Amino acid sequence: MTKQYDAIVIGGGHNGLVCAAYLGKAGKKVLLLEAADEVGGMARTREFCEGYRVSAGAHILHSLSAQVVKELALLDHGLDRSGHCLETVILDEQGAHVTAGRDSASGEGLSPEEIEAYASFKKKLRSYAELMQPMMRRRPPRVAALGFRDSVALAKLGWNMRFGLGTEEMRDFLRLAGINIYDVLDEFLGEGPASDKLKGMISLDAVMGSFTGPRSPNTVFTYLCRLMGELEGDMQLPVGGMGAVMQALANAAQAHGVEVRTAAPVSSIRTEKGCVVGVRLASGDDIDADIVVSNADPKTTFLKLLGAPKLEAGFANRVSRIRNRGTAAKLHFALRGLPKFTGLEEGQLRNRLLVASSSDFVELAFNPVKYEEVSDSPAIELVIPSLADPSLAPEGHHVMSIALPHVPYALKGGWDAEARKAFIDSVIASVERFAPGFTELVVDSELLTPADIEAQFGATGGHWHHGELALDQMLMLRPLYGAAQYTTPLDGLFLCGAGCHPGGGVSGLPGHNAAAAVLKNKKKGRAEAVA
Amino acid sequence: MGKQHYDALVIGAGHNGLTNAAFLAKSGLKVLVVEKNPYIGGASVSRELYENWTYSNCSYVCSLFRPEIYRELNLAKHGLQVTPFGGSVTFTRDGNFLGSYPDPEVMYREVARFSKRDANALERYHADTAKWCRLIRPFLMRTPPDPTSFRPKDWRELAFLLKKFHGLGEEQIYEFMRFFTLSVAEFLGDYFESDLVKAHFSGSGIIGTGLGPFSPGTAYVLLHHYMGDVDGNIGTWGIARGGMGAIAKALAGSLREFGGEILTGDGVERILVKDGRVTGVALESGAEISADNVVSNVDAKRTFLKLMDEKDLPAQVIDKARNFKIRGSSGKLNIALDGLPTFTGLSKDNPLYKGDFHFSDSLERIERAYDDWKAGMWSRDPYLDMLIPTLTDPTMAPPGKHMMSVFVQYCPAKLADGDWTDDKVRAFGDTVIDQMAEYSPDLKDLILHAEVRTPREIEAEVGLTEGNIFQGELTLDQLLFNRPFPGYAQYRGPVKGMYMCGSSTHPGGGVMAAPGANAAREMLADLKRDNTVPEDFGDD
């Protein structure tokens, strides 16, 4: 009997869509199952109060792999990359803002030396990101069982490190990779309020989405991950929000014959004798396929959809050890008008605005989250997507999308209505300091704490990246030993989410790499096991 | 003093300098150790600061000291005796305590008072930490390879490293890789659920470091502290009989036996360089001593930024020295006591009294102590490692009297509100004593004399930059071939004939003596002399 589908992809987040599209392109008959009413996962654009729409999780397009864009012809399927490229404005209460681009910086009090220092710092770190990038586009090697291709890839990395960077730079790379961003910024950038703002920006970029402050070791590494995203293109606010990007991915997948079924939550992955045979939907229906690719986070995949009893105990234990305490939250505001920021022209509001005046500021803002508390002076990344796409809000009105790096999953005393209101008010007060009159503009708001993100998008711990981006959870350790090459201990079960190498951000690379692993996979003795 | 010439001159008579000198002298070289203080020992020193009390006023316990060196330099003969001391106690705010007992059965019951699950995890925890320590230990007495080099020696060493790791097997390699960025809180969380138990074991992850228990990388610091052994028992801590100064005394005895000399009371002002080669040193007294080789036991920052002339060094070395992370994060109180203080809930005949005492019963308290430090304050509720060494070694105080050593984490070298002043030092000391007095009603009445040492005092006396006990942070960027900085991790300085042998070099701080020995081995190789330095003999 032939089955209706070759492969089922669970979850229509961007990686699920990318993986399905690649599998479809390779001629597989693929069914993509999405629990929600539309695809896009955390990157979908939805209405959060009547008449106002905003991208739920990711709100800036910046790290989407250029390779994926090209291979899936996303530009033909509706991806619009023609919009305004964002710069970053680090806000100042008095209006002495600093504006930073990829390698350029300007602002009051910034000396030519400081601008030069910023440019050369970015250049240096970007060269490290370039060095690491090829490793991100392929499956991670297994250290103790190197295949030929793995050995070649590692040898290439070693060669590029030794001869591409040169002795001194290689030494510096090995020194910096494990260190904290705080010290590195002190080494390379100057002191003074303007330089401090650049440091604040880089600190915030380094810690966004992980349980760290700029003084925490490992944050240079997370910053390098961020820079790898920058290599793929500049930041943009897409027309139609990130949801439009997701739609382009869905279009590409469907063009390759992928059947997309929404509102179809999967309740379990069915197995027989250690092999995957299909999935069961929450509706009770069974769908058969020899290959199931899960875009869900590893804990959901292994512990909920599959169940620990189907796994070796050691493996199950490692799954439960994955660190995925979410600390990043989203806050959306519906505004009855465009806020006025002291010292900013209206045109500059199309950029990314940060409240992160120094690395110390970001570090202090991180402190409370360690104790399950919130800071009354949080670090903030905000954009006004309705400036790029007026259709997101009623005429003359606007939406503001805020990402907050340091909000606890569980709050001491609980995230009750009172605590939520107090927190929202404190963020409003923070913005008000830079944009007098802001409070009056707020029509409505929506707070997505990590716990809300977990509830709405299914990511365990509410972690944006499906698991901390740390050296001990990267490459052959992501998400864990035994499932780091997109394969799992169960024959036919694959992972394709951000919990896999190379990690989070809307890059599409985990989906791309996973598809390659699925297509390469030989069915080891499956025929005998499952007749 | 007339014009004298030495084969090698060592700057600083700390334990590493003396170890280095002893091995060089043993191979027949003419060696001189120069020490600025009128006494030797550096930070492993014991002095009489209050009538009839011996203070080990810096380092206070020993366990990391390499047994190979102890045997090879005949330190037993020169009077060094290390006594293991009792367990460790963490007091809780509600009048209870958790103690570490040497007997596993007793320890099980003790932990089970707080969590049965944690008691069950103890064996696994100890076995695992011992396993990782055994893995790291063989690297202590070896010179780190340079990963950018193509010399056969470096490749051989890299191959040795890889082989050791490969020998672990794939799963264990991955388990070990977690230590790169694991925090001590997460590491302990793999085993224990009780916050008290975690706090009890977490101290080793932060002592001497500018990091908190939640910071990535602190799990490695914990291993660094666990690597030590007394008589082959990994993780056991000991006290040198007669105080930590006994270590320096024994090393000096050994050095003199091999014909080495020590000059005290005159510091080195500058390392002299001519035509890219070391020629000797100029002393603070104005005298010059010529030497073919100069070894600095001083930390890397001080060595390159203070003892050497900028024009003698490549510019990048100066940058590297400036960027080398040395952070003052600890202070110390040494207290002479009129009698043994009472600690509520713990009977005085409990063997735990001989151990170290802690008063932070949750990870959050320790992390908050770190937050204060980050903000440029001393911890308002510090993490203390307190020990009464006179219970193990009564010779350090008059009969019936006691000596208390209190290590304080965290205490910044620079305060946010200006420089340290005597008043601030006093206030810092009071913070520490107040915390202990919460648990000990009679402590304040028993204090005869208290010496309070912040990074300012430690730096002024011992010369450690910012008073950092490890001569540099033990973070990934400053370990192995990155210690003290990339390209100079093999004990050789940037100038011919110049070497480094302090804790700024691999494998780092703690009274381990391995940096001194490793530097001697490299020097002897350069001088084409027979090696007198032992390899790790691996006693498992």
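Residues numbered from 1 in each chain as written. Chains lettered and ligands numbered in written order. Predicted model: local features only at pLDDT ≥ 70, side-chain atom pairs only at ≥ 80, totals over all residues. Heavy atoms only, no water.

Examining the overall build of chain B
Secondary structure summary: chain B contains 17 helices and 20 strands in total. Radius of gyration (C-alpha) of chain B: 23 Å, near the 24 Å computed for a compact globule of 540 residues. By its C-alpha atoms, chain B is 65 × 60 × 50 Å across when sized along the principal axes. Buried residues in chain B amount to 64% of all 540 residues. The long-range fraction of contacts in chain B, counting pairs at least 24 apart against all pairs at least 6 apart in sequence, stands at 72%. Just so you have it, chain B exposes about 19000 Å², and 51% of that area is on carbon and sulfur atoms. In chain B, 59 side chains carry a positive charge and 72 a negative one; their mean positions are 4 Å apart. (Helix = DSSP H or I, 4+ residues; strand = E, 2+ residues; numbered from the N terminus. Rg over C-alpha atoms; globule rule 2.2 N^0.38 Å. Buried < 20%, exposed > 50% of the residue type's maximum accessible area, 1.4 Å probe, protein only. Contact = heavy atoms within 4.5 Å. Areas by Shrake-Rupley, 256 points an atom, 1.4 Å probe, with all protein chains shown as cover. Lys, Arg positive; Asp, Glu negative; His and termini not counted. Charge placed at Lys NZ, Arg CZ, Asp CG, Glu CD.)

Section: helix α9 (residues 218–226) of chain B
Most of α9(B) is tucked away, with nine of its nine residues classed as buried. By the burial criterion, the buried members of α9(B) are B:Thr218, B:Ala219, B:Tyr220, B:Val221, B:Leu222, B:Leu223, B:His224, B:His225 and B:Tyr226.

Some thoughts on the pairing of strand β6 (residues 88–91) of chain B
Residues and elements named next belong to chain B. What you see with β6 is no split at all: Ser-88 and Thr-90 on one side and Val-89 and Phe-91 on the other are buried throughout. One ladder, built from four bridges, connects β6 with strand β7 (residues 97–100); its direction is antiparallel. Within the sheet, the bridge partner assigned to Phe-91 lies in β7 and is Phe-97. Where β6 hands over to β7, the hairpin turn is made up of five residues, of which Gly-95 adopts a positive phi near 90°. (Pairing = 2+ DSSP bridges.)

Comments concerning the side chain of B:Thr181
With respect to the secondary-structure elements, B:Thr181 resides in the loop between α6 (170–177) and α7 (184–189). On the basis of relative accessibility, which here comes to 2%, the residue B:Thr181 falls in the buried class.

Overview of the interface of chain A and chain B
Each partner contributes to the interface: chain A provides 38 residues, whereas chain B provides 39 residues. Interface area for chain A against chain B, summed over the two sides, is near 3600 Å², with a carbon-plus-sulfur share of 56%. Three residues, A:Arg171, A:Arg321 and A:Tyr371, lead the burial of chain A against chain B; their summed loss comes to 18% of the area buried on that side. Between A:Arg171 and B:Asp146 there is a salt bridge, with the nearest N and O atoms lying 2.7 Å from each other. At the boundary of chain A with chain B, the tally comes to 23 residue pairs in polar contact (both at pLDDT 80 or more). When contributions to the side of chain A that touches chain B are tallied by element, the ones reaching two or more residues are α4 (148–165), α5 (167–176), α6 (181–188), α11 (313–321) and α12 (359–370) of chain A. (Buried area = accessible area lost by both parts, 1.4 Å probe. Salt bridge = Lys/Arg side-chain N within 4 Å of Asp/Glu carboxyl O. Polar contact = N/O pair within 3.5 Å; in protein donor to acceptor, adjacent residues only side chain to side chain.)

Focus: the environment of B:Pro341
Mapped onto the elements of the fold, B:Pro341 is located in the loop between β15 (330–337) and β16 (356–358). If we ignore the near neighbours within four places in the chain, the residues touching B:Pro341 are B:Lys348, B:Tyr353, B:Ile388, B:Met404, B:Ser440, B:Asp442, B:Leu443 and B:Leu446.

Describing the nonpolar core
Residue and element names in this part refer to chain A. The biggest cluster of nonpolar side chains holds 90 residues, and the ones touching the most others in it are Leu-198, Phe-333, Phe-341 and Ile-402. Counting residues per element, this core draws most heavily on helix α3 (residues 112–136), which supplies nine residues. The contacts of Phe-341, once residues within four sequence positions are left out, are Leu-91, Leu-349, Leu-353, Leu-382, Met-400, Val-431, Phe-434 and Ala-435. (Core = buried A, V, L, I, M, F, W, Y, C linked by side-chain atoms within 4.5 Å.)

Looking at the sheet that holds strand β10 (residues 275–281) of chain A
Residues and elements named next belong to chain A. The strand order β9-β10-β11 describes an open sheet built from three strands, whose pairing is antiparallel. Of all the strands in the sheet, the pair left with one neighbour each is β9 (266–272) and β11 (286–288). Direction aside, the axes of adjacent strands within the sheet are offset by 30° on average. Pairing of β9 with β10 involves six bridges; the strand directions are antiparallel. By the bridge assignment for β10, Val-266 is matched with Leu-281. (Axes fitted to C-alpha atoms, helices over the stretch in contact; angles between N-to-C directions.)

Examining the confidence of the model for chain B
Residues and elements named next belong to chain B. Chain-level statistics for chain B give a pLDDT mean of 92 and a share of 97% at 70 or above. Mean pLDDT values for the elements of chain B range from 59 in strand β8 (residues 229–230) up to 98 in strand β20 (residues 498–500). At the level of chain-chain contacts, confidence expressed as ipTM amounts to 0.92, with global pTM at 0.94. (pLDDT = per-residue confidence, 0-100.)

Examining the packing of aromatic side chains
All names here are of chain B. Taken as a whole and judged by the stated rule, the model has 46 aromatic pairs over all chains. On the numbers, 5.2 Å between centres and 50° between planes, the contact of Tyr-50 with Trp-53 is tilted. Relative accessible area serves as the criterion here: at 24%, Tyr-50 is assigned to the partly exposed category. Positioned over the ring face of Trp-132 is Lys-131, at 4.6 Å from the centre of the ring. One residue, Arg-142, lies across the ring of Phe-160, its end atom 3.6 Å from the ring centre. (Phe/Tyr/Trp six-rings, centres within 6.5 Å; stacked < 30°, edge-to-face > 60°. Lys NZ or Arg CZ within 6 Å of the ring centre and 35° of its normal.)

Comments concerning the environment of B:Ala517
Residue and element names in this part refer to chain B. By secondary structure assignment, the location of Ala-517 is in helix α17 (residues 514–526). Using a relative accessible area of 0% as the deciding quantity, one classes Ala-517 as buried. Through-space distance from the C-alpha of Ala-517 to that of Val-533 is 6.3 Å; in sequence the pair is 16 residues apart. Not counting residues up to four positions away in its chain, the partners in contact with Ala-517 are Thr-19, Phe-23, Ile-69, Met-141 and Val-533.

Quick word on the sheet that holds strand β7 (residues 105–107) of chain A
Residue and element names in this part refer to chain A. Reading across the sheet, the eight strands line up as β7-β6-β5-β14-β15-β16-β13-β17 and stay open at both edges, with mixed pairing between neighbours. Pairing within the sheet leaves two strands with one partner each, and these edge strands are β7 and β17 (442–448). On average, each strand axis in the sheet is inclined to that of its neighbour by 20°, with strand direction left out of account. As paired strands, strand β13 (residues 329–335) and strand β16 (residues 398–404) are joined by seven bridges and run antiparallel to one another. Along β16, the bridge assignment pairs Leu-335 with His-398. Docked against the sheet, helix α15 (residues 450–457) engages β13 and β17, running at close to 80° with respect to β17.

Examining the packing of α3(A) against helix α7 (residues 193–207) of chain A
Residue and element names in this part refer to chain A. Interhelical geometry of α3 versus α7 gives an angle of 20° and a closest axis separation of 10 Å. As far as their axial angle goes, α7 and α3 are roughly parallel. The interaxial crossing formed by α3 with α7 has right-handed handedness. Contacts between α3 and α7 involve Glu-114, Tyr-118 and Phe-121 on the former and, on the latter, Ser-195, Leu-198, Met-201 and Ile-202. Classifying every residue of the contact of α3 with α7 gives five nonpolar, one polar and one charged. (Parallel < 35°, antiparallel > 145°, perpendicular 65-115°, else oblique. Left-handed = near helix turned anticlockwise from the far one by under 90°. Nonpolar A, V, L, I, M, F, W, Y, C, P; charged D, E, K, R; others polar.)

Quick notes on the UniProt feature "domain: Amine oxidase" (unreviewed entry) in chain A
Here the UniProt feature "domain: Amine oxidase" (unreviewed entry) sits at residues 16–516 of chain A. Secondary structure content for residues 16–516 of chain A is 38% helix and 16% strand, while the C-alpha to C-alpha distance between its ends is 13 Å. (UniProt positions renumbered as here; feature names shortened; annotations may be inferred.)

Side note on the pattern of salt bridges
Scanning all chains against the criterion turns up 75 salt bridges over all chains. The partner of A:Lys412 in a salt bridge is B:Glu364, and the shortest N-O contact between them spans 3.2 Å. Here B:Glu364 lies in helix α13 (residues 363–374) and A:Lys412 lies in the loop between β16 and α13 (417–434), a pairing that spans two chains. Assessed through its relative accessible area of 42%, A:Lys412 is described here as partly exposed. Classification of B:Glu364 as partly exposed rests on a relative accessible area of 25%. For B:Glu261, the salt bridge goes to B:Lys30, with nearest N and O atoms at 3.7 Å. You can see B:Glu261 sitting in strand β11 (residues 261–264) and its partner B:Lys30 sitting in the loop between α1 (15–26) and β2 (31–35), a full 231 residues away along the chain. Among the residues examined, B:Lys30 registers a relative accessible area of 39% and is labelled partly exposed. Here the salt bridges share partners, and the residues they tie into one network are A:Lys124, A:Glu169, A:Asp172, A:Arg175, A:Glu187 and B:Lys325.

A look at the pairing of strand β1 (residues 7–10) of chain A
All names here are of chain A. In β1, alternate side chains face the same way, and those of Ala-7 and Val-9 on one face and Ile-8 and Ile-10 on the other are all buried. Direction of pairing for β1 relative to strand β2 (residues 30–33): parallel, over a ladder of four bridges. Bridge assignment links Ile-10 to a residue of β2, and that residue is Leu-33. A crossover links β1 with its parallel partner β2, the connecting element being helix α1 (residues 14–25), and its sense is right-handed. (Right-handed = clockwise from strand over helix to strand, strands pointing away.)

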